[in-house]
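# Inside the fold
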Amino acid sequence: EMILQSFRFAPRDSFIVVSSAGINPVPVEVALGAKARGMKVIAITSVEHANSTSSRHKSGKKLVEIADVVLDNCAPAGDALVEIESVPYRVGPGSSIGAIAIINALKCQVAELLVSRGIRPDVLPSPHVVGDEAAAKEFERVLQAYHDRAQKL
């Protein structure tokens with residue numbers, strides 16, 4: 001609740017919760033709080049991992065059970081990918097790789113959908129491409145747009 005109280009939301013908003021297994025109290029609590037506010041919840045999580053373990057939340061619920069949309073990061077149960085001889089457990093989490101790929105794909109898809117509806121998406125360009133001054137100016141414009149939107153809620 002402390003996390004959610006820091007922002008203003010409306011039922012038309014959606015909320016993305018990223019959690020490797022989606023069983024720990026904080027991501028489950030955030031998802032439940034978003035749902036209680038009428039928002040659609042999108043989970044980026046490992047379905048295999050969630051299905052192989054129990055919830056640690058007092059409700060017994062898992063993120064995959066709460067979310068309206070579940071995007072599977074395809075990480076295995078336990079989240080580690082690499083076996084190393086003489087190391088008893090696998091290393092190298094895969095959930096972060098999957099989550100980053102999903103988030104970036106979502107950004108691109110949303111930008112395409114906005115453009116198809118005649119809406120210019122807010123995009124922060126790299127200063128290496130447009131220069132420091134232009135990037136700073138665009139950052140300020142986008143920041144102001146977010147601020148203006150938050151004031152209307």
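This text gives an overview of the structure that appears in the document.

### Some points on the overall build of the protein
- When helices and strands are counted, the protein shows 6 helices and 5 strands.
- The secondary structure elements of the protein, listed N-terminal to C-terminal, are β-α-β-α-α-β-β-β-α-α-α.
- Computed over C-alpha atoms, the radius of gyration of the protein comes to 19 Å, more than 25% over the 15 Å expected from 2.2 N^0.38 for 153 residues, which places it beyond the range of a compact globule.
- Summarising its shape, the C-alpha atoms of the protein cover approximately 50 × 40 × 30 Å along the three principal directions.
- Here the protein holds 153 residues, and 29% of them are scored as buried.
- Restricting the contact set of the protein to residue pairs at least 6 apart, pairs at least 24 apart contribute 66%.
- Accessible surface, the protein as shown: approximately 10200 Å² in total, 58% of it carbon and sulfur.
- Positive and negative side-chain charges of the protein, numbering 17 and 17 respectively, have mean locations separated by a distance of 9 Å.

### Description of the nonpolar core
- Counting residues in hydrophobic clusters, the biggest one holds 13 residues, and the most contacted among them are Phe15, Val17, Val30, Ala31, Ala34, Val41 and Leu63.
- If you list the elements that add at least two residues to this core, you get strand E1 (14–18), helix H1 (25–36), strand E2 (40–45) and helix H3 (63–66).
- Here the element with the most residues in this core is H1; it accounts for 4 residues.
- Beyond its immediate sequence surroundings of up to four residues, Ala34 is in contact with Leu4, Phe15, Met39 and Val41.

### Remarks on the packing of aromatic side chains
- Evaluation of the coordinates by the stated rule reveals 2 aromatic pairs.
- Relative to Phe9, the ring of Phe7 lies with its centre 6.1 Å away and its plane at 45 degrees, an arrangement referred to as tilted.
- A relative accessible area of 53% places Phe7 in the exposed class.
- The class for Phe9 is partly exposed, based on a relative accessible area of 27%.
- A network of ring pairs unites the aromatic residues Phe7, Phe9 and Phe15 as a single cluster.

### Some thoughts on the environment of Ile97
- Mapped onto the fold, Ile97 is located in helix H4 (residues 95–116).
- Exposure remark for Ile97: the relative accessible area of 55% places this residue in the exposed category.
- For Ile97 and Ser54, which are 43 residues apart along the polypeptide, the C-alpha to C-alpha distance reads 24 Å.

### Concerning unusual backbone geometry
- Phi is positive for Cys74, which is not a glycine, with a value near 65 degrees.
- You can see Cys74 is positioned in the loop between strand E3 (69–72) and strand E4 (80–82).
- Positive phi values are uncommon outside glycine, yet Ser86 reaches one of about 75 degrees.
- Accessibility expressed as a relative area gives 75% for Ser86, which makes it exposed.

Calculation notes
- Residues numbered from 1 in each chain as written.
- Predicted model: local features only at pLDDT ≥ 70, side-chain atom pairs only at ≥ 80, totals over all residues.
- Heavy atoms only, no water.
- Helix = DSSP H or I, 4+ residues; strand = E, 2+ residues; numbered from the N terminus.
- Rg over C-alpha atoms; globule rule 2.2 N^0.38 Å.
- Buried < 20%, exposed > 50% of the residue type's maximum accessible area, 1.4 Å probe, protein only.
- Contact = heavy atoms within 4.5 Å.
- Areas by Shrake-Rupley, 256 points an atom, 1.4 Å probe, with all protein chains shown as cover.
- Lys, Arg positive; Asp, Glu negative; His and termini not counted.
- Charge placed at Lys NZ, Arg CZ, Asp CG, Glu CD.
- Core = buried A, V, L, I, M, F, W, Y, C linked by side-chain atoms within 4.5 Å.
- Phe/Tyr/Trp six-rings, centres within 6.5 Å; stacked < 30°, edge-to-face > 60°.

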